[in-house]
Amino acid sequence: MNERPGVSRRQLLISGGLAAAVPLRAMEGAGDPGARPDQAAREMAYTVPAGTAAAGAGQAPEEPYLDGDEIQGNVVPGFMKPYMGVVALSSGDVARAKGWLAGVAPRITTLAQAMQSRAQVRAHRGLGPERLHQLGSVPPGMSDVWLNVALSSGGLSRLLSGGEHAGDGGWFTHQGFQRGRAARASLLGDPVDPSAEGNPANWVFGGPGREADVLVILAADCEKAGARTLDEVRAEAAASGLTVLYEESGHKLGANGNEHFGFQDGISQPGVRGRLAGFPGGYITPRTIDPSSRPDAWLYGLPGQYLVWPGEFVFGYPRSGADPLIPGQVNLPGPAWSRNGSYLVFRRLRQDVAGFRAFLAESAQALSARPGFAGVTPEWVGARLVGRWPSGAPVARLPDADDAALGVDRLANNAFGFAADAVEDPLVAGLKAGYWPEAKADPVGLTCPQAAHIRKVNAREAAGDLGGRRASFSRRILRRSLPFGSPLGEASGPGPDDGNRGLLFACYQASIEDQFELLANGWMGSSMRPRSPGGFAMMIGQNGMPGEDRMRSCTVFGRGAAAATLVTMKDFVVPTGGGYFFSPSISALKEVIAV
Ligand code: N7H
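Note that this is a predicted model, so its numbers are computed, not measured. (Residues numbered from 1 in each chain as written. Predicted model: local features only at pLDDT ≥ 70, side-chain atom pairs only at ≥ 80, totals over all residues. Heavy atoms only, no water.)

As for the coordination of the iron atom of the ligand
Of all protein atoms, just one serves as a donor to the iron atom of the ligand, and that atom is His453 (NE2), at 2.1 Å. Within the element layout of this structure, His453 appears in helix α12 (residues 453-457). (Donors = N, O, S within 2.8 Å, 3.2 Å for Na, K, Ca; no water. Helix = DSSP H or I, 4+ residues; strand = E, 2+ residues; numbered from the N terminus.)

Following this line, the structure appears as C-alpha cells:
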C-alpha cells in the first residue's frame, strides 16, 4: 500500500493505493460541493482555541493586540472589495490642505471597522470548495464604502513644514520612501530609454514634477456608491486648493477576482499575527489547523498560509524572530507618531494582454514540437509562468489541468510548498477542504518552474538566496490590487481601448526596500534569485538593461524532465505611474499631520 505522506488519506481510500492523476473531487461528481460547514463552525476559525497546550501541540504564542481604531483598514485586514477608486493629489496651499485632511480623517475606515465586515463576508461565503457557489456574493444589505489616505515623503514634509513636527520626515529610515518611486525607477528595472512608455518621464503621474503628495484609496461593494464618494472627495479636495494629478477606478473582473491575463489574483497573502480587542473571535487572521493534531499548527492561518508577526507590515509591533513562534524586535523605523502606520507602494501597471496571449500561443506551438512537450497548450505555458492555473489552482497540486473548485478552495489552494512533500492538514472541527492530490517536493522546479511568478516572489518553506523560511517572512507584502480598464475580448487582436487596461497594484509593508523592491528587482528582475538560475519572472519581471539586453528568458520542464527555454524581448507589464506613500495612524493624521 502506498503510504507516501504526499497523498491524502481519501485518495488512498478511493484509488486503492495508487495516487490518482485526477483530483478526487472530479471523481465524486460535479454536483457535490463538499460538506458545507455551518456558520458557527466557520466563525470558530477566528476563535482562540481553548486548551492550546493539548498533548504534543506545543504552546500558542502570545500575540500582540493591534490598535483597531488607529490602523487604516486597507493595511489590515485589507479592503478586498470589488470596486477600488484612486485619487492622487498635490497639496497646493499647506494650511488649506491640512484643513481638508482634518475633514477627511474622521471618515477613514479603520482596521476594526473593516474586520467586522470581512468576517461577515467570510462567514457568508465559507472557506472550502463550497465557495464556488458563493463567489462574489455578500451578506444581504451589505454596501460598504471605505476610504483610506496615504502621504508621500514630499507630501509629509510639506504638510509638516513650519509646525512642531517639521523635520520629522527625516526620521523615516528607509531611503526608498525618502527618495520616492520615480527616483528608484532604474533600480527597479523600469526602462531607462526616455522615449519608452515605462520611463518615469512618460508616466501618467508620479514621474518627475508630477509626484503626488496624497493618495486616496476608496473601496466599495457597489460601484455606483464608490464612484459617488470619489466625486465628493475630489470636489472637496479641489475646493481646498488641492490639484488632482490622477484618478482611476478598478474593478474585479468576474466574481472570481481575475486580472486581465486571466488569472485569479489575491489568493496568497501572509497571515498577519495579532489580536483585536472586542472582536468576537480574537485573531486578526483566522486559524484553521487543529493544534491538537499537528504540532506546528501555530505556524499557519489558512492551510499553507504562514503567520507573520505584524511588525513586518505595521510600524510599532514585533517583527519575525529567529523562532517563528517567538516575537522578534519591535519595528519602528520612523518618528514615534509613525506607530500604527505602514508604507504603501502604488503602481499603475499597464498590461499588454494581446502580446501576452500571443507569446503563450507561440511558445505552446514551438514547445509542442519538442520531445517531452507534445500537446502543451497556451494555458499550460501560462500556468508554468504563474505557478497557478487561471482558476488559482496551484500547478504544484494539479500539474496537468485546471480545476475551478480547487482554485476557490481557500482550505486547499495555498497548501503546498517547494522543498518537501506536503501532508494533509488536519482542520479544526467543522471545516472541510476538497480532496486533491497533495503537492510533491519540487526543489528543482520541474512542476512549478523557479521562474514562475509565485515562486519568484515567495520561496515559501524552501531556502533562497537570503536564507531559510524566516527570510521569506521578512519579504512578504500585503497586496491590495484590482484591475483597471475593460477586458480584452477573446479575439487575439487589440480591442478598442487597447493600452488602457492593467493592474492598480498596491501593497503595504514596513520596508519598501526589503519587501516590495526586493521582490520586484532582487527576485523577479533577476535570472538567478531567489534560488537557482531558473530565469526571469517572464510575465511581470523586468530586465533594466537597455536595448537588446532587456531580453528575458526562463526554463520550463516537460515530461521526463525535458527542459526548454522561453525567450522574449517584450514587456507584458509596463509601469505607467505610481508612488511611495506612508499610511499614517488615525491619530497621527489628526494630531500631527493635519494640525
Ligand atoms: Fe503578482 N497575475 O494576476 O497574473 N500575482 N502580479 N505581483 N504576486 C500573484 O496568489 C500579477 C506583482 C506577488 O505567496 C498571482 O494571488 C499581475 C508585483 C506576490 O504564492 C497572480 C501583476 C509584485 C504574490 C499574480 C503582478 C507581485 C503574487 C497568483 C502585474 C511584487 C503571492 C495568485 C500586472 C513586487 C505569491 C495569488 C505567493 C501572486 C498576477 C504584479 C507580488 C495570478 C498580473 C509587481 C507576493
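Quick look at the site of the ligand
Residues in close proximity to the ligand total 28 residues, the closest being Glu259, Gly266, Ile267, Ser268 and His453. Between an oxygen atom of the ligand and a main-chain N or O atom of Ile267, the distance comes to 2.6 Å. One nitrogen or oxygen atom from the side chain of Arg460 is found 2.8 Å from an oxygen atom belonging to the ligand. Contributions of two or more residues to the shell around the ligand are made by β9 (342-351), α12, β12 (502-509) and α14 (513-524). Here the element with the most residues in the shell around the ligand is α14; it accounts for four residues. (Near = heavy atom within 4 Å. Polar contact = N/O pair within 3.5 Å; in protein donor to acceptor, adjacent residues only side chain to side chain.)

Section: the packing of aromatic side chains
According to the stated counting rule, one finds 23 aromatic pairs in the structure shown. A ring pair is formed by Tyr306 and Phe473, whose centres lie 5.3 Å apart and whose planes are at 55°; its orientation type is tilted. In this pair, Tyr306 is assigned in the loop between β5 (271-272) and β6 (307-308) and Phe473 in helix α13 (residues 469-473), connecting sequence segments 167 residues apart. Judged by its relative accessible area of 6%, Phe473 falls in the buried class. Measuring from centroid to centroid gives 5.3 Å for Phe315 and Phe582, while their planes differ by 55°, and the two rings are tilted. In this pair, Phe315 sits in the loop between β6 and β7 (317-320) while Phe582 sits in strand β15 (residues 573-583), placing the two residues 267 residues apart along the sequence. The exposure class of Phe315 is buried, given its relative accessible area of 0%. Through successive ring pairs, a cluster of aromatic residues spans Phe172, Phe177, Phe315, Trp337, Tyr343 and Phe582. (Phe/Tyr/Trp six-rings, centres within 6.5 Å; stacked < 30°, edge-to-face > 60°. Buried < 20%, exposed > 50% of the residue type's maximum accessible area, 1.4 Å probe, protein only.)

Focus: the nonpolar core
Ranked by internal contacts, the top residues of the largest apolar core, which has 104 residues, are Trp100 and Ile593. By residue number, the principal contributor to this core is helix α9 (residues 353-368), which donates seven residues. Setting aside residues up to four positions removed in sequence, Ile593 forms contacts with Lys98, Leu101, Leu151, Leu156, Leu159, Leu160, Trp337, Pro584 and Ala588. One finds Met84, Leu245, Phe313 and Ala506 within the second-largest nonpolar core, a separate group that totals 41 residues. (Core = buried A, V, L, I, M, F, W, Y, C linked by side-chain atoms within 4.5 Å. Contact = heavy atoms within 4.5 Å.)

Here we look at unusual backbone geometry
That bond from Val76 to Pro77 is cis: its omega, 0°, falls within 30 degrees of zero. Its place among the elements puts Pro77 in the loop between α3 (39-44) and β1 (83-90). Between Arg529 and Pro530 the backbone carries a cis peptide bond, its omega angle lying at 5°. Inspection of the secondary structure puts Pro530 in the loop between α14 and β13 (552-557). Even without being a glycine, Met80 presents a positive backbone phi close to 55°. Examined against the element boundaries, Met80 turns out to sit in the loop between α3 and β1.

Points about helix α6 (residues 153-160)
Among all positions of α6, only Ser153, Gly155, Leu156, Leu159 and Leu160 are buried. Buried positions in α6, seen along its axis, are confined to an arc of 160° and lie on one side of it. Summarising the contacts, the buried residues of α6 are in contact with α4 (94-104), β2 (145-151), α7 (175-179), β15 and α15 (586-593). Residue Gly162 follows α6 closely and has a positive phi angle near 80°. (Arc of directions from axis to C-beta.)

Brief notes about the environment of Phe484
Counting through the fold element by element, Phe484 comes out in strand β11 (residues 482-484). When its relative accessible area of 0% is taken as the criterion, Phe484 is described as buried. Each C-alpha atom, one on Phe484 and one on Glu248, is 7.5 Å from the other, the two residues being 236 residues apart in sequence. Contacts of Phe484, omitting those with residues within four sequence positions, involve Glu248, Ser249, Gly250, His260, Arg348, Leu349, Arg350, Asn500, Arg501, Gly502, Leu503 and Leu504.

Quick look at a nonpolar patch on the surface
Side chains of Met551, Val567 and Met569 sit close together on the surface and give an oily, nonpolar patch of about 250 Å² of accessible area. Locating Met569 in the fold gives a position in the loop between β14 (563-568) and β15. (Patch = residues over 30% accessible without salt bridge, like charges linked within 9 Å, V, L, I, M, F, W, Y side chains within 5 Å. Areas by Shrake-Rupley, 256 points an atom, 1.4 Å probe, with all protein chains shown as cover. Salt bridge = Lys/Arg side-chain N within 4 Å of Asp/Glu carboxyl O.)

Some details on the side chain of Glu70
Structurally, Glu70 is set in the loop between α3 and β1. Nearest to the buried, unbridged Glu70 among oppositely charged side chains is Lys590, at 7.8 Å. Engagement of the side chain of Glu70 in a polar contact is seen with the side chain of Ser585, the distance being 3.5 Å. Setting aside chain neighbours within four positions, we find Glu70 in contact with Asn340, Ser585, Ile586 and Ser587. (Lys, Arg positive; Asp, Glu negative; His and termini not counted.)

Details of the pattern of salt bridges
Summed over all chains, the structure comprises 22 salt bridges. In this structure, Glu517 and Arg184 form a salt bridge, with 2.7 Å as the shortest nitrogen-oxygen distance. Here Glu517 is found in helix α14, whereas its partner Arg184 is found in the loop between α7 and β3 (214-220), with 333 residues between them in sequence. In this structure, Glu517 and Arg184 share a single accessibility class: buried.

The values reported here are purely geometric and, on their own, carry no functional implication.
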